[in-house]
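# Notes for the structure review
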Amino acid sequence: MESPRNEDALTAPEVASILQINRNTVYALAKEGALNSYRVGRKLRFTMKDVQSYINSAKHNAPAPAAAPVEAAAPGAKGAEGARFAIGGHDMMLDITANYLAAMNLPVQRSYTSSYQALVDLYQGRSQAAGIHLWDGETNTYNLPYVRRLLPGIPCVVFRLASRSQGLLVRQGNPLGLRRWSDLLLPEVVLANREKGAGARVLLDEHLRMLEAPYQAIQGYDRELSSELAVGTFVAQGLADVGIGSEKTFQHVPGLDYLPLVTETLDLVVLKTPQTKKTIRSVRSLLTTRGFQAEFKGTIGLDISKMGAIIYEC
């Protein structure tokens, strides 16, 4: 019988979710020594400290060989149907979208970047599509203000993917009684933050801006984690008191409570170019098919009732 699990022990699939890579890449990183690990019997285990050390190292060195769900190649590389279609953004919905497009014989590349960076990559021609969830405090709306600001005069189409709640991930029982954005400014609160440009980071920063809050004074604000699952794990293990996340993370990480605050929308922005004309038609068809939508119907807290709707086009 396997020994009781150490609360600090992470499995390879859990590390894969935190780093937004696949499980085989986690094993490869461990084998080459890039990611520290240890064994419990025949099982490979990791600590959150080692995962965070790897994240910090990757930010200051060459990016990790993240194995995307479809084979990666440099943007613009030629495939059977022409230039590859590069999709930026972190969300797993984008991985599934990329897999389906690849099965339709469309050469696809995944780029794991923040929502904000994904739009910048579109503007600079490094990718052709971006999955985003960015809240704008001035208009109290998602995504379109950023599309108009960061893609000035650039033809694009924006498809709705889904909507879901975002809120506070707190330790089970919510010992500090956190309920609202202003509670994060309490001196005893330690935050598990996301990286600059992530949808959750923009949501937090916009609310702090509207509160005219000195966010630099928040404990943990400058400690950046690369995924929502990492944030939830930090909070559950007592390394932080609160983070921004979704109901899905609350359900997947033991030791958390969840307080929903806003409903966010996840959209897919696609550049309109002669090269993407055929792909846009394929994306529109894919997003409205029952088989594709069935992939998400059991996902906790996800509303796909408007999936495939075009919400903006220029």
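First, a word on scope: everything that follows refers to the structure included in this document. Given the structure is predicted, the values throughout are model-derived calculations rather than measurements. (Residues numbered from 1 in each chain as written. Predicted model: local features only at pLDDT ≥ 70, side-chain atom pairs only at ≥ 80, totals over all residues. Heavy atoms only, no water.)

## Comments concerning the nonpolar core
Note the threshold: Throughout this description, the term nonpolar core refers to a set of buried Ala, Val, Leu, Ile, Met, Phe, Trp, Tyr and Cys residues connected via side-chain atoms within 4.5 Å. Accessible area is worked out with a 1.4 Å probe on protein chains only. A residue is then buried under 20% of its type maximum, exposed over 50%, and partly exposed in between. Labels follow the DSSP assignment, with helices taken as runs of H or I lasting at least four residues and strands as runs of E lasting at least two, numbered in each case from the N terminus. Contacts were defined at the residue level, with two residues in contact if any of their heavy atoms lie within 4.5 Å.
Ranked by internal contacts, the top residues of the largest apolar core, which has 29 residues, are Val15, Val26, Leu35, Phe46 and Val51. Counting residues per element, the ones that place at least two in this core are helix H1 (12-19), helix H2 (23-31), strand E3 (43-47), helix H3 (48-60), helix H8 (228-236) and strand E15 (256-271). Here leucine 35 is in contact with Val15, Val26, Leu29, Ala30, Phe46, Asp50, Val51 and Tyr54, once residues within four sequence places are set aside. Core analysis: the next-biggest nonpolar cluster, separate from the first, contains 25 residues, Ala98, Ala129, Phe292 and Met307 among them.

## Describing the pattern of salt bridges
Worth spelling out the cut-off: A pair is scored as a salt bridge if a Lys or Arg side-chain nitrogen falls within 4 Å of a carboxyl oxygen belonging to Asp or Glu.
In the structure shown here, the tally under the stated rule is 15 salt bridges. Note that aspartate 267 is salt-bridged to arginine 160, the shortest N-O span being 2.4 Å. Within this pair, whereas aspartate 267 is found in strand E15, its partner arginine 160 is found in strand E11 (residues 156-171), the two being separated by 107 residues in sequence. In this structure, the salt-bridge partner of arginine 171 is aspartate 241, at a minimum N-O distance of 2.4 Å. On the criterion of sequence distance, the pair formed by arginine 171 in strand E11 and aspartate 241 in the loop between H8 and strand E14 (242-246) is long-range, its members being 70 residues apart. Exposure remark for arginine 171: the relative accessible area of 27% places this residue in the partly exposed category. Look at the salt bridges and you will find they share partners, linking Lys196, Arg201, Asp205 and Glu224 into a network.

## Describing the pairing of strand E7 (residues 108-111)
For the record, the criterion: Two strands pair if DSSP finds at least two bridges between them. When the strands point away from the viewer and the connection leading from the first strand across the helix to the second strand turns clockwise, the crossover is called right-handed.
As defined by bridge partners, strand E6 (residues 85-88) adjoins E7 across four bridges and the pair is classed as parallel. Bridge pairing links alanine 86 to glutamine 109 in E7. For the handedness criterion, the β-α-β arrangement of E6, helix H4 (residues 92-103) and E7 is classed as right-handed.

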